[in-house]
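Residue-level listing of the chains:
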Amino acid sequence: MRARVVAVAWWLIVAGALALAPSMLRDRLPDPLATHWGTSGAVPDGSSSLTGHVLATEVLWAVLWLVFFVLGLRAQGRRAQRMTCWGCLVGLGVLLLGTTASTLAVNLDASSWREALLPGWHIPAVLAAMAATGALTAYAVRGAPDQPSAGSQAPPVFRLRPGQRAVWVSRVVNRWLAAIAFAALAATAVLAVLALSGLLPSGVPAAALSASVIVLVAGLATASATVMVGDDAVTIGFGPLGRPRRRIPLSRIDAAWREERVPGDVGGWGFRGVPGSATIMLRGGECLVLGYRTGGQLAISVDDAERGASLINALIAERVQS
């Protein structure tokens, strides 16, 4: 109940500020006022009446707030999704407040909307404020670690005999990302051949090749992941070569378990969440969840997660006993 009250209060605060600030400055603003600036620079290329601008902003805020409020209500017991919803709820409110403040500031005392020049630092400042407040909010509502839910399973008892060593390796591939990476590879090869043969107009090969190479590298780095559990660490490698690689010492892990998660639980595909509560979501289904001693979590969508969690817990118990 308290979270709902805070969410409603935040909606009222933002909605009130979005309406009150323009009305207080109405006499010092041109009509219409500049509301859009092109990619070419600070010169405005679009305008709107003050009333239309306020109404559009209020409707946008109401829709965004409602979406993440409902998603937050459905995230009970799912800490990562709850953190994402709250971070977006606050961050998007700050974004709209920042863009409104920037719009009013550049239009203030201008004789015409065409004179409302946008300083270059406004956009990065607003985006930085949105990211910072969203991340801080997500961290603040992190709360206690979620206990394994009905969809999670405690790993079976796995005992190591004295002197016995075991290694667990599992790999997961996102077929869609792999297909995109393969298509980017083919496009890169074709464009390279055409560029070398001079069959493409000047200037096109460089831009097209750059885009295809970026997609290729990103696709290869995120289409697959390999998780290896060894004597002293859990190692997560990305891509066909296992690079980049992240190594998590067992001394940082309190426990591990298997849990069922889908992209909707964590906010989508890819690397979701914030440091301390993150998910590497390459496909929906079983995930290996690592519970840190500090209270955070890292979940990796990977096959045979139950066996991997069992070995991790056995290795942790062996360290404690020794």
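Computed from a predicted model, the values in this text were never measured in an experiment. (Residues numbered from 1 in each chain as written. Predicted model: local features only at pLDDT ≥ 70, side-chain atom pairs only at ≥ 80, totals over all residues. Heavy atoms only, no water.)

## Considering the layout of surface pockets
Put simply, the test is: In the cavity and pocket records, a cavity denotes points on a 1 Å grid over the protein atoms alone where a 1.4 Å probe fits but cannot get out, a pocket denotes an open set with protein on both sides within 12 Å along at least 5 of 7 lines, and lining residues are residues with an atom within 4 Å of a point. Grid points are joined across faces, edges and corners, and a volume is the space filled by probe spheres set on the points. Under the scheme used here, helices are H or I runs from DSSP no shorter than 4 residues and strands are E runs no shorter than 2 residues, and both carry numbers assigned from the N terminus. Residue polarity follows a fixed list, in which Ala, Val, Leu, Ile, Met, Phe, Trp, Tyr, Cys and Pro are nonpolar, Asp, Glu, Lys and Arg are charged, and the others, Gly among them, are polar.
Considering only enclosed or pocket space, the largest pocket measures out at about 360 Å³ in volume. Taken together, 17 residues make up the lining of the largest pocket; nearest its centre are Trp37, Thr99, Ser102, Leu118 and Ile123. Contributions of two or more residues to the lining of the largest pocket are made by strand 1 (33–37), helix 3 (79–107) and helix 4 (122–140). Within the lining of the largest pocket, the residues separate by chemical class into 8 nonpolar, 9 polar and no charged.

## Things to note about the packing of aromatic side chains
The geometry of an aromatic ring pair comes down to the distance between the two centres and the angle between the two planes. Quick note on the threshold: Each aromatic pair joins two rings of Phe, Tyr and Trp (for Trp, the six-membered one) with centres within 6.5 Å, and gets the label stacked for planes under 30 degrees apart, edge-to-face for over 60, and tilted for any other angle. Buried residues are those whose accessible area, probed at 1.4 Å on protein chains only, stays under 20% of the maximum for their type, while exposed residues exceed 50% and partly exposed ones sit between those limits. Here, a charge over a ring is recorded when the distance from Lys NZ or Arg CZ to the ring centre is within 6 Å and its angle to the ring normal is within 35 degrees.
In this structure the tally under the stated criterion is 2 aromatic pairs. Taken together, a centroid distance of 5.9 Å and an interplanar angle of 40 degrees make the contact between Trp11 and Trp65 tilted. Linking Trp11 in helix 1 (residues 2–24) with Trp65 in helix 2 (residues 50–73), this pair joins segments that are 54 residues apart in sequence. An angle of 10 degrees between the planes, with centres 4.6 Å apart, marks the rings of Trp65 and Phe69 as stacked. Of this pair, Trp65 and Phe69 both sit in helix 2, 4 residues apart, roughly one helical turn. Taken as a pair, Trp65 and Phe69 share a single burial class, namely buried. One aromatic cluster in this structure is built from Trp11, Trp65 and Phe69. Positioned over the ring face of Tyr292 is Arg252, at 4.8 Å from the centre of the ring.

## Considering the pairing of strand 11 (residues 285–292)
Successive residues of a regular strand alternate their side chains across the two faces of the sheet. What counts is decided by this rule: We treat two strands as partners when DSSP finds at least two bridges between them.
By the criterion of burial, strand 11 is predominantly enclosed, with 8 of the 8 residues buried. The pairing of strand 8 (residues 253–261) with strand 11 spans 8 bridges and is classified as antiparallel. Residue pairing across strands places Arg261 opposite Gly285, the latter belonging to strand 11. By the bridge criterion, 5 bridges tie strand 11 to strand 12 (residues 297–301) in an arrangement that is antiparallel. Note on strand 12: the bridge partner recorded for Gly291 is Gln297. The hairpin turn running from strand 11 into strand 12, its antiparallel successor, is 4 residues long, and Gly295 in that turn takes a positive phi close to 105 degrees.

## Observations concerning the pairing of strand 4 (residues 168–173)
The alternating pattern of strand 4 places Trp168, Ser170 and Val172 on a buried face, while none of Val169, Arg171 and Val173, on the opposite face, is buried. As defined by bridge partners, strand 4 adjoins strand 5 (residues 224–229) across 6 bridges and the pair is classed as antiparallel. The residue of strand 5 that forms the bridge with Val173 is Ser224.

## Description of helix 2
Threshold: The span expected for a helix works out to 1.5 Å for each residue beyond the first.
Relative to the 34 Å expected for 24 residues at 1.5 Å per residue, helix 2 spans 34 Å between its end C-alpha atoms, a close match to the ideal helical length. For helix 2, the complete set of buried residues consists of Leu50, His53, Val54, Thr57, Glu58, Trp61, Trp65, Phe68, Phe69 and Gly72.

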